[in-house]
Amino acid sequence: MTLRTTIPRLPPTTFGAITRSFETIDSTNSTAKELAQEGALEGTVVTAEDQRAGKGRLGRSWESEKGKNLTFSIILRPHLTHILLGLLPLLAGTAVCETLREEYHVPSECKWPNDVLIGTKKISGILSEAVHQGDMSSAVIVGIGINVNQASFPVGLGDRATSLYLSSGREHDRTLLLTRLLGRMEALYEILQSGGADTIIARWTAVSPIIGKPLRVTDGSTLHEGTARGIAPDGGLLLETSAGIMTIRAGDVTLR
Amino acid sequence: MDLALLKKLVRIVEQSGVNEIEVEEEGLRVRISRGQHGSAPLTHDMTAQHQAAPAAPASSAAAPAPPAVPEKKYHEIKSPIVGTFYRAPAPDADSYVEVGHEVQAKSVLCIIEAMKLMNEIESDVAGRVVKILVENGQPVEYNQPLFLIDTV
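Computed from a prediction, not measured in an experiment: that's the story for all the values here.

Draft legend 1. Fine view of the layout of surface pockets. Quantified by volume, the largest pocket comes out at close to 1,000 Å³. Around the largest pocket, the lining comprises 45 residues; the ones closest to its centre are A:Trp62, A:Lys111, A:Asp115, A:Leu117 and A:Lys122. Residue assignment for the lining of the largest pocket shows that the elements contributing at least two residues are helix H1 (28-37), strand S3 (70-76), strand S4 (108-111), strand S5 (115-118), strand S6 (121-133), strand S7 (136-146) and strand S12 (252-255) of chain A. Looking at side-chain class alone, the lining of the largest pocket contains 17 nonpolar, 17 polar and 11 charged residues. Approximately 620 Å³ is the volume found for the second largest pocket. Taken together, 29 residues make up the lining of the second largest pocket; nearest its centre are A:Asp219, B:Thr84, B:Gly137, B:Gln138 and B:Pro139. Listed by contribution, the elements that provide at least two residues to the lining of the second largest pocket are strand S8 (214-219), strand S9 (222-231) and strand S11 (244-248) of chain A together with strand S5 (83-86) and strand S10 (139-140) of chain B. Looking at the lining of the second largest pocket residue by residue, the classes come out as 14 nonpolar, 11 polar and 4 charged.

Draft legend 2. Region of the structure containing the pattern of salt bridges. Residues and elements named next belong to chain B. Using the criterion set out here, one finds 20 salt bridges over all chains in the structure. Note that Lys 78 and Glu 76 form a salt bridge whose closest N and O atoms lie 4.0 Å from each other. The class of Lys 78 is partly exposed, set by a relative accessible area of 39%. A residue is classified by how much of its surface remains accessible, and Glu 76, at 32% relative accessible area, is partly exposed. Here Arg 87 makes a salt bridge to Glu 98, at a shortest N to O gap of 2.9 Å. Of the two residues, Arg 87 sits in the loop between S5 and strand S6 (102-103) while Glu 98 sits in the loop between S5 and S6, which places them 11 residues apart along the sequence.

About the thresholds
- Residues numbered from 1 in each chain as written.
- Chains lettered and ligands numbered in written order.
- Predicted model: local features only at pLDDT ≥ 70, side-chain atom pairs only at ≥ 80, totals over all residues.
- Heavy atoms only, no water.
- 1 Å grid on protein atoms, 1.4 Å probe; cavity = no way out; pocket = protein on both sides within 12 Å on 5 of 7 lines; lining within 4 Å.
- Points joined across faces, edges and corners; volume = space filled by probe spheres on them.
- Helix = DSSP H or I, 4+ residues; strand = E, 2+ residues; numbered from the N terminus.
- Nonpolar A, V, L, I, M, F, W, Y, C, P; charged D, E, K, R; others polar.
- Salt bridge = Lys/Arg side-chain N within 4 Å of Asp/Glu carboxyl O.
- Buried < 20%, exposed > 50% of the residue type's maximum accessible area, 1.4 Å probe, protein only.

From the geometry alone we can't say anything about function, so treat these as descriptive.
In structure tokens form, the structure reads like this:
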């Protein structure tokens, strides 16, 4: 049997072409990870109206009012060296920030590596997970939470959190926001996969105010103070301290 | 050491209730230990260690080649990325593995965080965790050994 000269084209990967929507689940990241292990295609999106155990960094939780916001995860199967995998969180933060700025005209900014803030208040948080065996990474799950139509936050969170509703003065169609965001993310992802790491770093830097600013980075019991000098090729934060330039790859960043 | 002796040793482990027995005779060391679930004992670690020849570096952990030192060559799990090493999924959670644990290929051993990307590192072999080489919360470099696994 000869190879046919015309091969039916595989459907193009489209972020969100396959979407699994849940009313309530533990965490969209956990479900996306399970689906990825079962072979789910790149671009598969898992959404939830409510998470019982929404995840943040180091076991922290992500709190969101049911039915008001966007909480979703997307499955990626990147063809990237391990060094470039670290740019995926920055890419996701850039996509959120650019979407909020350009489509909703709110003055959002990225905080390293991928929180999105309006002023000092957080509007979006991103937690990504990857599974590695030997030199292989099988999938990367990017989990994104955006406060959209939430009008008030619990005591203790209110001074640190905001929403698109609070910053624009009106409610917004969450599906439209998700569609716009996925389109932008996919475009950035294509750029990264085709050798455009520098473009991703430049786009992130354009929406982040931290370069040149004095920063404090805490990670567990360690504290570093210095001035942000740029982004390393793997997405790390270059911090100029009294001891020289170091690369930060984990920790909480605050302006001094 | 002949086969009859080996069988005898296996029987001793089976009948005595001890978990592990190790015998060294004429430079050949044999360790016999029980499987994890109380099943039949498994033979394990047949490292010939006579003549300390200035051998080429042993390349494979399981190969019965005579190593230059009387140390078994364990399988190394190395870090695929630069980041911060965590032994548990959250600060108040149990560690993924402890020394002595049996792991399977695909068992998660640790997380390495970089840029808020939590990288779960899976074992690529089945075996027993012999040593954990990095402290929780410490930075790790690319290709830095993290775990030693005694492959069955």
